[in-house]
Amino acid sequence: MQGKRQNILSKTIALLLAMQLFLIGLQAKSQIDQGNSSIEALIWMTQQYISVLVKIRSLQEKKEETDSQK
């Protein structure tokens, strides 16, 4: 039961992180449409993506730690 709940939670987190990446892309496009240079938008996107990747890595490490304790 707990494994199934954990699996659903993991999939939900993955979906939310994917949505966050998609929204970052939309916001960057909006910045370009508002007159910011493509390079500025790319730099901003890279900074945003790095923070998401750090979150993903942290969650992955927690999951590996939990799995190893079982």
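Coordinates for the structure precede this section.
Rules used throughout
- Residues numbered from 1 in each chain as written.
- Predicted model: local features only at pLDDT ≥ 70, side-chain atom pairs only at ≥ 80, totals over all residues.
- Heavy atoms only, no water.
- Helix = DSSP H or I, 4+ residues; strand = E, 2+ residues; numbered from the N terminus.
- Buried < 20%, exposed > 50% of the residue type's maximum accessible area, 1.4 Å probe, protein only.
- Salt bridge = Lys/Arg side-chain N within 4 Å of Asp/Glu carboxyl O.

1. Re the environment of Gly 3
- Tracing the backbone shows Gly 3 in helix 1 (residues 2-33).
- On the basis of relative accessible area, Gly 3 is assigned to the partly exposed category, the value being 48%.
- Through-space distance from the C-alpha of Gly 3 to that of Phe 22 is 29 Å; in sequence the pair is 19 residues apart.

2. With respect to the pattern of salt bridges
- Tallying each qualifying case throughout the model produces 3 salt bridges.
- Close ionic contact of Asp 33 with Lys 29 constitutes a salt bridge, the shortest N to O distance being 3.3 Å. Placement of both Asp 33 and Lys 29 in helix 1 is noted, with a separation of 4 residues, approximately one turn of the helix.
- When its relative accessible area of 56% is taken as the criterion, Asp 33 is described as exposed.

Nothing here speaks to function; it is all geometry.
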